[in-house]
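Structural overview for review
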Amino acid sequence: VNASGLGLTVGAIHPSPGHNCVRNITFRHARMHHTFKGIYVKSGNSTDLSASAEITNILFEDIEMDTPEQVPIWIGPAQESDSKGACSLLWPSLSNHCPAPPTTVSFTNITLRRVKVQNAKHSPGVILGNPQRPMKGIVFDDVAFTPIDPSKKPWGSDFYHCEGVEGAATDATSPKPPCFKST
(Lines give C-alpha, C1' and ligand atoms only; values in the text may rest on other atoms or scores of the structure.)
Protein backbone atom coordinates (compact mmCIF):
# COMPACT_ATOMS: atom_id res chain seq x y z
CA VAL A 1 0.00 0.00 0.00
CA ASN A 2 1.27 3.46 -0.86
CA ALA A 3 -0.12 6.19 1.37
CA SER A 4 0.36 9.90 2.02
CA GLY A 5 -1.62 12.82 3.43
CA LEU A 6 -2.19 12.27 7.13
CA GLY A 7 -0.81 8.76 6.75
CA LEU A 8 -2.23 5.66 8.42
CA THR A 9 -4.87 7.14 10.72
CA VAL A 10 -7.19 5.79 13.41
CA GLY A 11 -9.71 8.32 14.70
CA ALA A 12 -10.59 10.68 16.00
CA ILE A 13 -12.53 8.41 18.32
CA HIS A 14 -14.90 10.53 20.42
CA PRO A 15 -16.40 9.29 23.69
CA SER A 16 -20.15 8.69 23.43
CA PRO A 17 -22.86 7.47 25.82
CA GLY A 18 -23.08 4.26 23.73
CA HIS A 19 -19.29 3.62 23.99
CA ASN A 20 -17.39 4.24 20.78
CA CYS A 21 -14.68 1.73 20.01
CA VAL A 22 -12.10 0.82 17.44
CA ARG A 23 -10.66 -2.67 17.90
CA ASN A 24 -8.50 -5.14 16.01
CA ILE A 25 -7.10 -2.96 13.23
CA THR A 26 -3.94 -3.91 11.30
CA PHE A 27 -1.95 -1.73 8.92
CA ARG A 28 0.69 -3.84 7.16
CA HIS A 29 3.19 -3.37 4.32
CA ALA A 30 2.70 0.35 3.74
CA ARG A 31 5.08 2.86 2.23
CA MET A 32 4.61 6.59 2.71
CA HIS A 33 6.64 9.07 0.68
CA HIS A 34 6.45 12.69 1.91
CA THR A 35 3.43 11.98 4.10
CA PHE A 36 2.36 14.76 6.49
CA LYS A 37 2.01 12.61 9.61
CA GLY A 38 2.82 8.94 9.24
CA ILE A 39 1.19 6.93 12.02
CA TYR A 40 -1.66 8.90 13.60
CA VAL A 41 -3.86 7.42 16.35
CA LYS A 42 -6.13 10.08 17.83
CA SER A 43 -8.94 10.51 20.29
CA GLY A 44 -11.63 13.13 20.36
CA ASN A 45 -12.95 14.95 23.37
CA SER A 46 -16.21 15.06 25.29
CA THR A 47 -17.51 16.87 28.34
CA ASP A 48 -20.02 14.07 29.00
CA LEU A 49 -18.58 12.07 31.91
CA SER A 50 -20.95 9.17 31.13
CA ALA A 51 -19.50 8.86 27.62
CA SER A 52 -16.66 6.45 26.88
CA ALA A 53 -14.44 5.22 24.07
CA GLU A 54 -11.60 2.80 23.44
CA ILE A 55 -8.82 2.33 20.93
CA THR A 56 -7.41 -1.17 21.37
CA ASN A 57 -5.51 -3.92 19.56
CA ILE A 58 -4.02 -1.76 16.82
CA LEU A 59 -1.00 -3.05 14.86
CA PHE A 60 1.25 -1.13 12.48
CA GLU A 61 3.68 -3.61 10.88
CA ASP A 62 6.31 -3.33 8.15
CA ILE A 63 5.79 0.38 7.59
CA GLU A 64 8.24 2.64 5.72
CA MET A 65 8.21 6.43 5.72
CA ASP A 66 10.42 8.67 3.63
CA THR A 67 10.76 12.35 4.53
CA PRO A 68 7.60 12.84 6.60
CA GLU A 69 6.68 16.53 6.73
CA GLN A 70 5.56 16.67 10.38
CA VAL A 71 5.79 14.41 13.44
CA PRO A 72 6.04 10.87 11.99
CA ILE A 73 4.37 9.10 14.95
CA TRP A 74 1.46 10.62 16.88
CA ILE A 75 -0.57 8.66 19.44
CA GLY A 76 -2.81 10.85 21.59
CA PRO A 77 -5.33 13.66 21.28
CA ALA A 78 -6.42 14.85 17.86
CA GLN A 79 -4.36 17.75 16.57
CA GLU A 80 -6.87 19.82 14.63
CA SER A 81 -8.65 23.13 14.55
CA ASP A 82 -12.24 21.94 14.15
CA SER A 83 -12.79 20.01 17.40
CA LYS A 84 -13.44 21.39 20.86
CA GLY A 85 -10.67 20.44 23.27
CA ALA A 86 -8.28 19.27 20.52
CA CYS A 87 -4.56 19.85 20.51
CA SER A 88 -3.77 23.06 18.66
CA LEU A 89 -2.34 22.75 15.15
CA LEU A 90 0.22 25.32 16.33
CA TRP A 91 1.42 23.18 19.27
CA PRO A 92 4.15 23.18 20.47
CA SER A 93 5.78 25.92 18.38
CA LEU A 94 3.26 28.74 18.71
CA SER A 95 0.73 27.41 21.23
CA ASN A 96 0.80 25.73 24.63
CA HIS A 97 -2.65 24.20 24.11
CA CYS A 98 -2.50 20.42 23.84
CA PRO A 99 -4.66 18.75 26.50
CA ALA A 100 -4.25 15.05 27.19
CA PRO A 101 -7.04 12.76 26.01
CA PRO A 102 -10.02 12.62 28.37
CA THR A 103 -10.02 9.92 31.07
CA THR A 104 -13.11 8.45 29.39
CA VAL A 105 -10.96 7.19 26.48
CA SER A 106 -8.74 4.13 26.86
CA PHE A 107 -5.77 3.40 24.61
CA THR A 108 -4.55 -0.21 24.97
CA ASN A 109 -2.41 -2.69 23.07
CA ILE A 110 -1.04 -0.52 20.27
CA THR A 111 2.02 -2.03 18.59
CA LEU A 112 4.40 -0.55 16.06
CA ARG A 113 6.57 -3.34 14.60
CA ARG A 114 9.31 -2.92 12.00
CA VAL A 115 8.62 0.75 11.31
CA LYS A 116 11.43 2.47 9.38
CA VAL A 117 11.57 6.25 9.03
CA GLN A 118 14.10 7.96 6.76
CA ASN A 119 14.92 11.68 6.77
CA ALA A 120 12.24 12.93 9.17
CA LYS A 121 11.95 16.71 9.11
CA HIS A 122 10.91 16.88 12.79
CA SER A 123 11.38 14.97 16.05
CA PRO A 124 10.15 11.35 15.90
CA GLY A 125 6.89 11.66 17.75
CA VAL A 126 4.22 12.29 20.33
CA ILE A 127 2.83 9.68 22.70
CA LEU A 128 0.48 11.69 24.89
CA GLY A 129 -1.89 9.90 27.24
CA ASN A 130 -3.76 11.10 30.29
CA PRO A 131 -1.68 10.55 33.47
CA GLN A 132 -4.96 9.83 35.33
CA ARG A 133 -5.70 7.00 32.86
CA PRO A 134 -2.44 6.13 31.14
CA MET A 135 -2.20 4.38 27.81
CA LYS A 136 -1.30 0.71 28.41
CA GLY A 137 0.45 -1.89 26.33
CA ILE A 138 2.06 0.52 23.87
CA VAL A 139 4.94 -1.37 22.22
CA PHE A 140 7.62 -0.15 19.82
CA ASP A 141 9.29 -3.23 18.34
CA ASP A 142 12.06 -2.26 15.92
CA VAL A 143 10.95 1.32 15.27
CA ALA A 144 14.02 2.95 13.73
CA PHE A 145 14.82 6.45 12.47
CA THR A 146 17.67 7.22 10.08
CA PRO A 147 19.43 9.48 10.71
CA ILE A 148 18.94 9.96 14.43
CA ASP A 149 19.25 13.70 14.84
CA PRO A 150 19.04 15.24 18.35
CA SER A 151 18.92 18.73 16.84
CA LYS A 152 15.46 18.15 15.27
CA LYS A 153 12.67 20.29 16.65
CA PRO A 154 10.57 20.42 18.67
CA TRP A 155 11.90 17.87 21.21
CA GLY A 156 15.61 17.75 20.46
CA SER A 157 17.53 15.05 22.31
CA ASP A 158 14.35 13.79 24.06
CA PHE A 159 13.15 12.83 20.55
CA TYR A 160 9.54 12.29 21.71
CA HIS A 161 6.95 14.18 23.74
CA CYS A 162 6.05 11.27 25.96
CA GLU A 163 3.75 11.23 29.00
CA GLY A 164 0.77 9.36 30.42
CA VAL A 165 1.81 6.03 28.88
CA GLU A 166 2.97 2.62 30.02
CA GLY A 167 5.08 1.58 27.08
CA ALA A 168 7.96 -0.68 26.13
CA ALA A 169 10.56 -0.56 23.38
CA THR A 170 12.80 -3.33 22.10
CA ASP A 171 16.56 -2.90 21.73
CA ALA A 172 16.11 -2.53 17.97
CA THR A 173 14.05 0.66 18.52
CA SER A 174 16.09 3.80 17.99
CA PRO A 175 15.63 6.30 19.41
CA LYS A 176 13.48 5.01 22.26
CA PRO A 177 10.71 7.19 23.71
CA PRO A 178 12.08 8.44 27.07
CA CYS A 179 9.06 7.26 29.07
CA PHE A 180 9.18 3.68 27.69
CA LYS A 181 10.83 0.73 29.40
CA SER A 182 13.38 -1.34 27.48
CA THR A 183 12.51 -4.97 26.77
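All figures in this text were calculated on a predicted structure; none of them were measured in a lab. (Residues numbered from 1 in each chain as written. Predicted model: local features only at pLDDT ≥ 70, side-chain atom pairs only at ≥ 80, totals over all residues. Heavy atoms only, no water.)

**Quick word on the state of the cysteines**
One pass over the structure, following the stated rule, counts two disulfides. A sulfur-sulfur distance of 2.2 Å marks the disulfide that ties cysteine 87 to cysteine 98. Because the sign of the S-S torsion sets the handedness, a value of about -115° for the bond joining cysteine 87 and cysteine 98 places this disulfide among the left-handed ones. With a gap of eleven residues between them, cysteine 87 in the loop between β6 (73-77) and β7 (105-118) and cysteine 98 in the loop between β6 and β7 connect regions that are remote in the sequence. Under the relative-accessibility criterion, cysteine 87 is labelled buried at 0%. Paired through a disulfide, cysteine 162 and cysteine 179 show a sulfur-sulfur distance of 1.7 Å. Measuring the twist about the S-S bond at about -45°, one finds the cysteine 162-cysteine 179 disulfide to be left-handed. Taken as a pair, cysteine 162 in strand β10 (residues 160-163) and cysteine 179 in the loop between β11 (165-169) and β12 (180-182) lie far apart in primary sequence, 17 residues in all. (Disulfide = S-S within 2.5 Å. Helix = DSSP H or I, 4+ residues; strand = E, 2+ residues; numbered from the N terminus. Buried < 20%, exposed > 50% of the residue type's maximum accessible area, 1.4 Å probe, protein only.)

**Some details on the pairing of β11**
Buried residues dominate β11, accounting for four of its five residues. Pairing geometry for strand β9 (residues 135-146) and β11, over five bridges, is parallel. Paired with methionine 135 across the strands is valine 165, a residue of β11. Pairing between β11 and β12: three bridges, direction parallel. In the sheet register, alanine 168 faces β12, and the bridge partner there is lysine 181. (Pairing = 2+ DSSP bridges.)

**Some points on the packing of aromatic side chains**
Per the counting criterion, the structure on display carries six aromatic pairs. Judged by centre distance (5.7 Å) and plane angle (50°), the ring pair of tryptophan 91 and tryptophan 155 falls under tilted. Of this pair, tryptophan 91 sits in the loop between β6 and β7 while tryptophan 155 sits in the loop between β9 and β10, and the two are 64 residues apart along the sequence. You can call tryptophan 155 buried: its relative accessible area is 15%. When the ring of phenylalanine 140 is compared with that of phenylalanine 180, the centres are 5.0 Å apart and the planes differ by 70°; the resulting orientation is edge-to-face. Of this pair, phenylalanine 140 sits in strand β9 while phenylalanine 180 sits in strand β12, and the two are 40 residues apart along the sequence. According to the relative accessible area criterion, phenylalanine 140 is buried, its value standing at 0%. (Phe/Tyr/Trp six-rings, centres within 6.5 Å; stacked < 30°, edge-to-face > 60°.)

**Regarding the sheet that holds strand β2 (residues 8-13)**
Reading across from one edge, β2-β4-β6-β8-β10 is the order of the five strands in this open sheet, with parallel pairing throughout. Unpaired on one side and paired on the other, β2 and β10 mark the two borders of the sheet. For this sheet, the mean inter-axis angle between neighbouring strands, taken without regard to orientation, is 10°. The sheet contact formed by β6 and strand β8 (residues 125-128) spans three bridges and is parallel. From the neighbouring strand, isoleucine 75 faces β8, where its bridge partner is isoleucine 127. (Axes fitted to C-alpha atoms, helices over the stretch in contact; angles between N-to-C directions.)

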